[in-house]
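Breakdown of the fold
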Amino acid sequence: MIAGGAAYVYNVNGGVPTQLPQINPVLLVPFGSHFLLESRTSFTGFFQRENQTSGPYKGKVFKSVDYAQVDWLLDSHLIFSAGKYILPFGIYNERLVPVWIRNLQDSPITAAIGTRNSGAGDGFMFRGVAVQSPRYSVQYTAYFSARSDINQLEAARTAGGDTSIYFTQPRLEVGVSYQRFLQQRNINSVATYISWQPRTTPLDLKAEGDFSYNGRGYWIESAYRFQQLPVPQFARRIQTVARMQQFFPLHGGGNSLPTVDNHRVDFGLNYYIRDDIRLVSSYGRSFSSQGNANVWNVGATYRFLFPLWPGRHK
Amino acid sequence: MKRFSFSAVLVLWSMFFAVAVINCQQQNPAKPQTVSPPVKGKSGEQIFNDNCLRCHTPPMAISPRITGTVIMHMRTRARLSQEDQQRLLKYLAP
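Since the structure is predicted, the reported quantities are computational estimates derived from the model, not experimental observations.

**Here's the deal with the overall build of chain B**
For chain B, the count of helices and strands is four helices and zero strands. Counting from the amino terminus, chain B carries its helices and strands in the arrangement α-α-α-α. Expressed as a percentage of the 94 residues in chain B, the buried residues total 23%. Taking the intrachain contacts of chain B between residues at least 6 apart in sequence as the baseline, contacts between residues at least 24 apart amount to 59%.

Set out below in structure tokens:
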């Protein structure tokens with residue numbers, strides 16, 4: 001089957017407009033009940049005006065294989081994956097990156113921590129649920145990635161893991177990720193995160209703190225849907241989002257991280273036309289010693305899900 | 001000035017969060033809290049709400065032909081157990 005998302009986003013960052021159309025198909029092919037081949041490819045357009053603020057739009061479409069892996073569902077508590085996989089560091093890279101999932105289209109500043117060089121690793125990974133009880137469950141992931149400079153398979157030599165505990169009743173998840181970067185300078189990176197979706201309120205609260213050699217920072221994001229408010233039916237499809245984040249570089253920053261202190265706030269307003277089609281908009285303000293800037297985003301996202309082959313006629 | 005602006009936004013953000021929580025609690029004062037039964041009796045719906053909603057909104061409908069594959073994919077992403085996978089399959093494609 002083919003799943004995935006598509007989006008068109010019009011972004012204005014510090015007065016410079018950019019058009020960002022993209023499509024991210026995910027191919028899923030099961031082999032029996034224990035093996036799954038999965039792969040996501042991204043086609044992302046980047047179009048800016050010739051003189052940044054004037055002239056015709058020019059740009060190109062970038063193609064990349066985000067991941068291509070085979071999963072072996074070995075046991076009730078153990079899944080083995082091999083190939084190119086998304087690095088499971090923090091809550092953002094593996095879970096919130098798809099355009100149809102993320103509440104705000106811009107990634108957090110700290111998303112570059114623990115995801116060098118391409119956001120993916122080449123190697124193997126063990127994952128699953130270690131403990132499951134009525135009150136909580138404990139999930140784990142451990143991986144090793146080899147260095148690769150092959151086109152579309154770029155990855156760094158890294159090893160790491162992630163574990164989280166999910167409390168069933170309050171729907172609260174707390175987790176921690178660790179990664180050791182094993183090429184050039186050996187670097188330890190750590191992330192801690194929390195995710196909470198209360199049962200009685202359509203609120204989604206997520207936060208993550210990241211620490212690395214090149215800097216440390218955090219982000220907090222809350223999203224609230226109007227579906228329980230006493231407002232007209234059409235207004236119940238509205239979702240408001242707020243995110244604040246701070247980043248402080250260490251050792252000069254770098255490696256896709258800012259080199260000066262950075263603070264940013266974003267407010268978003270999304271509208272769910274259907275569960276798979278959404279209009280998105282946001283306003284953000286970035287504060288740094290290199291200059292403050294307004295960041296606007298307007299666009300739409302679409303999630304698709306359909307069989308790869310036509311159905312059989314009975 | 002920059003520090004003041006950021007503090008003001010932080011306060012606004014906190015107010016937004018507090019208002020959202022309080023407002024919804026007022027809207028549903030009598031709504032009973034769902035108590036999770038033991039894992040053995042956990043329904044597919046509960047597994048769906050406890051795991052899938054952590055990241056994304058649920059799809060309104062999934063073709064029965066691809067439900068098994070979707071759940072297999074979700075098992076690897078959400079690190080579900082085999083028992084949860086089977087209950088979820090029964091819930092989404094009874």
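**Overview of the overall build of chain A**
Regarding its fold elements, chain A presents one helix and 16 strands. The dimensions of chain A, computed from C-alpha atoms along their principal axes, are 55 × 55 × 40 Å. Within chain A, the proportion of its 314 residues that are buried is 38%. Once local pairs closer than 6 in sequence are excluded, the contacts in chain A between residues at least 24 apart make up 51%.

**Examining the pairing of strand β13 (residues 238-249) of chain A**
Residues and elements named next belong to chain A. Both strand β12 (residues 215-225) and β13 contribute to a ladder of eleven bridges, which runs antiparallel. Across the sheet, the residue bridging to R216 is F248, located in β13. Both β13 and strand β14 (residues 262-272) contribute to a ladder of ten bridges, which runs antiparallel. Residue pairing for β14: M244 is matched across the bridge by V265.

**Considering helix α2 (residues 44-51) of chain B**
Burial in α2 of chain B covers these residues: I47, D50 and N51 of chain B. Taken around the axis of α2 of chain B, the buried residues stretch over an arc of 80°, which confines them to a single face.

**What about unusual backbone geometry?**
Residue and element names in this part refer to chain A. Of note, the amide linkage connecting R116 to N117 takes the cis form, showing an omega dihedral of -5°. With a phi angle near 55°, R171 is a residue other than glycine that sits in the positive phi range. Considering the arrangement of structural elements, one finds R171 in the loop between β8 (158-167) and β9 (172-181). Backbone geometry at S256 places phi at a positive 70°, although glycine is not the residue there. Here S256 lies in the loop between β13 and β14.

**Here's the deal with the environment of R180 of chain A**
All names here are of chain A. Note on placement: R180 falls in strand β9. We classify R180 as partly exposed; it has 13 C-beta atoms within 10 Å. With 20 residues separating them along the chain, R180 and G160 place their C-alpha atoms 6.0 Å apart. When sequence neighbours within four positions are dropped, the list of residues in contact with R180 reads T158, A159, G160, N186 and N188.

**Let's talk about the packing of α2 of chain B against helix α4 (residues 82-92) of chain B**
Residues and elements named next belong to chain B. Here α2 crosses α4 at 110°, and the two axes come no closer than 8 Å. Relative to α4, the element α2 is oriented roughly perpendicular. Here α2 contributes G44, E45, I47 and F48 to the contact with α4, which in turn contributes D84, R87, L88, K90, Y91 and L92. Its residues placed into classes, the contact of α2 with α4 shows five nonpolar, one polar and four charged.

**Overview of the confidence of the model for chain B**
For any part of a model where pLDDT is low, the fine detail of the predicted coordinates should not be relied upon. Residue and element names in this part refer to chain B. Mean pLDDT over chain B: 70, with 56% of residues reaching 70 or higher. Segment residues 19-39 is flagged for pLDDT under 50; beyond a separation of four residues in sequence, or across chains, it makes 28 contacts in the model. Both scores are available for the predicted complex, with the pTM at 0.87 and the ipTM at 0.88.

**Side note on the nonpolar core**
Membership of the largest hydrophobic core comes to 23 residues, with the highest contact counts inside it found for Y85, I86 and A120 of chain A. Put simply, the parts of the chain that give this core at least two residues each are β5 (78-86), β6 (120-132) and β10 (187-196) of chain A. By size, the runner-up hydrophobic cluster in this structure holds eleven residues, among which are V70, M72, L88 and L92 of chain B.

**Some words on the environment of N270 of chain A**
Examined against the element boundaries, N270 of chain A turns out to sit in strand β14. Residues N270 of chain A and R49 of chain A, 221 residues apart in the sequence, show an inter-C-alpha distance of 27 Å.

**Quick word on the pairing of strand β7 (residues 136-146) of chain A**
For a regular strand, side-chain orientation follows a simple rule: the groups alternate between the two sheet faces. Residues and elements named next belong to chain A. What you see with β7 is a clean split: S137, Q139, T141, Y143 and S145 sit on the buried side and Y136, V138, Y140, A142, F144 and A146 on the side with no burial. Both β6 and β7 contribute to a ladder of ten bridges, which runs antiparallel. The partner of G123 across the bridge, within β7, is S145. Hairpin geometry of β6 and β7 is characterised by an intervening segment of three residues between the two adjacent antiparallel strands.

**What to know about the environment of W72 of chain A**
Residue and element names in this part refer to chain A. With respect to the helices and strands, the residue W72 is situated in strand β4 (residues 57-75). Sequence separation between W72 and P198 is 126 residues; the distance between their C-alpha atoms is 33 Å. Residues contacting W72, with those up to four places away along its chain left out, are H34, F35, I79 and F80.

The rules behind each value
- Counting from 1, residues in each chain are numbered in the order their sequence is written.
- All chains are assigned letters beginning at A, and all ligands numbers beginning at 1, according to the order in which they are written.
- Under the rules for a predicted model, residues below a pLDDT of 70 receive no local features and side-chain atom pairs below 80 are neither given nor counted, while totals for whole chains, interfaces and linings still include all residues.
- Helix and strand assignments come from DSSP, with helices taken as H or I runs of at least 4 residues and strands as E runs of at least 2, each series counted from the N terminus.
- Remark: C-beta atoms are placed from the backbone, and a residue is labelled buried if 20 or more other C-beta atoms sit within 10 Å of its own, exposed if 12 or fewer do, or partly exposed between those counts.
- Residues are defined as contacting one another if the C-beta atoms placed from their backbone atoms lie within 7 Å.
- The criterion for strand pairing is that DSSP finds at least two bridges linking the strands in question.
- Throughout, the arc means the angular range of directions from the helix axis out to the C-beta atoms.
- Note on geometry: axes are C-alpha line fits, over the in-contact stretch for helices, and angles between N-to-C directions span 0 to 180 degrees.
- If an angle is under 35 degrees, it is roughly parallel; if it is over 145, roughly antiparallel; if it lies from 65 to 115, roughly perpendicular; otherwise it is oblique.
- For this classification, the nonpolar set comprises Ala, Val, Leu, Ile, Met, Phe, Trp, Tyr, Cys and Pro, the charged set comprises Asp, Glu, Lys and Arg, and every other residue, Gly included, is treated as polar.
- The predictor's confidence in any single residue is recorded as pLDDT, a number from 0 to 100.
- To count as a nonpolar core, a set of buried Ala, Val, Leu, Ile, Met, Phe, Trp, Tyr and Cys residues must be joined through C-beta atoms within 7 Å.

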